[in-house]
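Close look at the chain arrangement
Listed below are the residues making up each chain.
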Amino acid sequence: MTSRDLRGAFGMFALGVALVPIGLVETWTDTPWTLEGWWHLAPLAVLCALMAVRRGRPLTALGVGVLVFVAEGFFGGSLASLLVFIELVHAAGRYGRGRIADRLAHVIVAVIAAVGVLTLVATRDLRVAIMAALTVFAVLGTSYWWGESAKQQADLVEAERARAEDLARMAALREEQARRGEREAMAGEIHDALSGNLAAITIHAEAGLANPRVAPQALQVVRTTSKRALGELRSMLAVLRPDGGPAMPPSNLEDAVDAARGRGLEIEARYEPAPLGDLTPQVAHAAYRVVQESLTNVERHCPGGQAELVVTRDGDLTITVDSPCGVGPRSDGGYGLTSMSERVTSLGGVFEAGTHDGGWRVHAVIPLDSGEVVA
């Protein structure tokens, strides 16, 4: 019950009070009993009370209202009671829910038909029967279907509102997923670009501190590696800046191999064919990161060791890095291998890493048709 409902109920009751002196009571004159005009305010008060609660209990209000309205009808009825009863029928169509509300339309049709038939039997006059049926239809049918139509419109509005909320939630989820993907991609780039160089700096700094005779050589490697790491970091920052232009991270496999050799790793590299030819930016960058991370892991777990790199191009780009040192799959926290695997599989390729002949092997197959070929 709302204040609006209470105002409406009091307003209808005030209208009924105003109609009594005018004589707009006893709407049906051919009734077995009659009441004094002011007595009609008693059933009107009950109907107005039902009107006040019609939103919360529409079917209950209609059911009780039917009994009160019919009972008053035996005493002539009143115009105000008729208006309130029409509002109760409308409220049942507008707010009614459940199985009873779904069958209410059939009940109204049956009542209209029954009134027409009973009137025809009683009067033997088809015109009177039709007029009686139309009168009941005007009271029950039009008010009910008006309320039913309003309920359907409200349901459509509610469905559209729920759909808009669902779309907004889906958009927010997609945006959050996109941000998460961007953060993961940035984390992978930073890891691949800096972890190997920082690991090399750490290894050679420790070697220089442990053996002063190799300190100059170690410092030279530290200097070269730190400059390379700074260059890659600047390249990534240029990509992230809105005015930085389409700067691309390094993707030359020979650069990754030369950098690892400069840090003291012995590498036997074979390219079949040599040169490999043009690669798409996506394939070239993924291959560079796989080679860079694989050689970094070898250097980290087998300082001064050896590695064999084989890169073949035959339908797909195949990269194989073998090392005699066993590099555990979780030895670097797992992120390096995960990053390589994600890069390769995102392009539709296959990535494997594990022990092989007592050593460690990284094997990646990348489809060459991933992206647009550039020279």
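All residue numbers refer to position in the chain's written sequence, counted from 1. Per-residue local features of the predicted model are confined to residues with pLDDT of at least 70, and side-chain atom pairs are confined, for both listing and counting, to 80 or more; whole-chain, interface and lining totals are unaffected and use all residues. As a rule here, side-chain values cover all heavy atoms of the structure and leave hydrogens and water aside.

What about the UniProt feature "coiled-coil region" (unreviewed entry) in the protein chain?
UniProt positions are given in the numbering used here, feature names are shortened, and annotations may be inferred rather than shown by experiment. Those places that UniProt annotates as "coiled-coil region" (unreviewed entry) correspond, in this numbering, to residues 147-176. Counting secondary structure, residues 147-176 comes out at 100% helix and 0% strand; the distance between its end C-alpha atoms is 43 Å. The helix and strand labels rest on DSSP assignments: H or I over at least four residues marks a helix, E over at least two residues marks a strand, and numbering proceeds from the N terminus.

Remarks on the sheet that holds strand β4 (residues 350-356)
At least two DSSP bridges between two strands are required for those strands to pair. The five strands lie next to each other as β1-β2-β3-β5-β4, forming an open sheet whose pairing is mixed. A single partner strand is all that each edge strand has here, and the edge strands are β1 (266-272) and β4. Averaged over all adjacent pairs, the angle separating strand axes in this sheet is 10 degrees, with direction ignored. With seven bridges connecting them, strand β2 (residues 306-314) and strand β3 (residues 316-323) associate as antiparallel partners. Paired with R313 across the strands is L317, a residue of β3. In this description, contact between two residues means that some pair of their heavy atoms is separated by no more than 4.5 Å. To get an axis, a line is fitted to the C-alpha atoms, and for a helix only the part in contact is used. The angle between two axes follows their N-to-C directions and goes from 0 to 180 degrees. Sheet strands in contact with helix α8 (residues 253-262) are β1 and β2, and its direction is about 165 degrees off that of β1. The strands touched by helix α9 (residues 281-301) within the sheet are β1, β2, β3 and β5 (359-367), with β3 carrying the most contacts at an inclination of about 5 degrees.

Focus: unusual backbone geometry
Note that the residue after E272, namely P273, is joined by a cis bond; omega there is -5 degrees. Tracing the sequence through the fold places P273 in the loop between β1 and α9. In this structure, R124 takes a positive phi of about 60 degrees despite not being glycine. Within the fold, R124 resides in the loop between α5 (99-123) and α6 (126-210). The backbone of D357 sits at a positive phi, close to 55 degrees, despite the residue not being glycine. Summarising the element assignment, D357 is placed in the loop between β4 and β5.

Thoughts on the environment of A105
The residue A105 is located in helix α5 in this model. Exposure remark for A105: the relative accessible area of 17% places this residue in the buried category. Separated by 36 residues in sequence, A105 and G141 have C-alpha atoms that sit 8.1 Å apart. Those residues in contact with A105 that lie beyond four places of it in its chain are Y144 and W145. Here's how the labels work: a residue is buried when its accessible area is under 20% of the maximum for its type, exposed when over 50%, partly exposed in between, all with a 1.4 Å probe on protein chains only.

Digging into the side chain of S294
Among the structural elements, S294 can be located in helix α9. Setting aside its immediate chain neighbours within four residues, S294 contacts V321, M340 and V362.

Regarding the pairing of β3
Moving residue by residue along a regular strand, the side chains alternate between the two faces of the sheet. With respect to burial, β3 is a largely interior element, seven of its eight residues being buried. Hairpin connection from β2 to β3: one residue lie between these consecutive antiparallel strands, with G315 at a positive phi of about 85 degrees. Pairing of β3 with β5 involves eight bridges; the strand directions are antiparallel. Residue S323 lies in a different strand from β5, and its bridge partner there is W360.

Looking at the packing of aromatic side chains
Aromatic rings from Phe, Tyr and Trp, taking only the six-membered ring of Trp, are treated as a pair when their centres fall within 6.5 Å; an angle between ring planes under 30 degrees marks them as stacked, one over 60 as edge-to-face, and anything in between as tilted. Considering all chains together, one arrives at three aromatic pairs under this definition. When the ring of F69 is compared with that of F85, the centres are 4.5 Å apart and the planes differ by 5 degrees; the resulting orientation is stacked. In this pair, F69 sits in helix α3 (residues 58-73) while F85 sits in helix α4 (residues 79-95), placing the two residues 16 residues apart along the sequence. Each of the two residues, F69 as well as F85, counts as buried.

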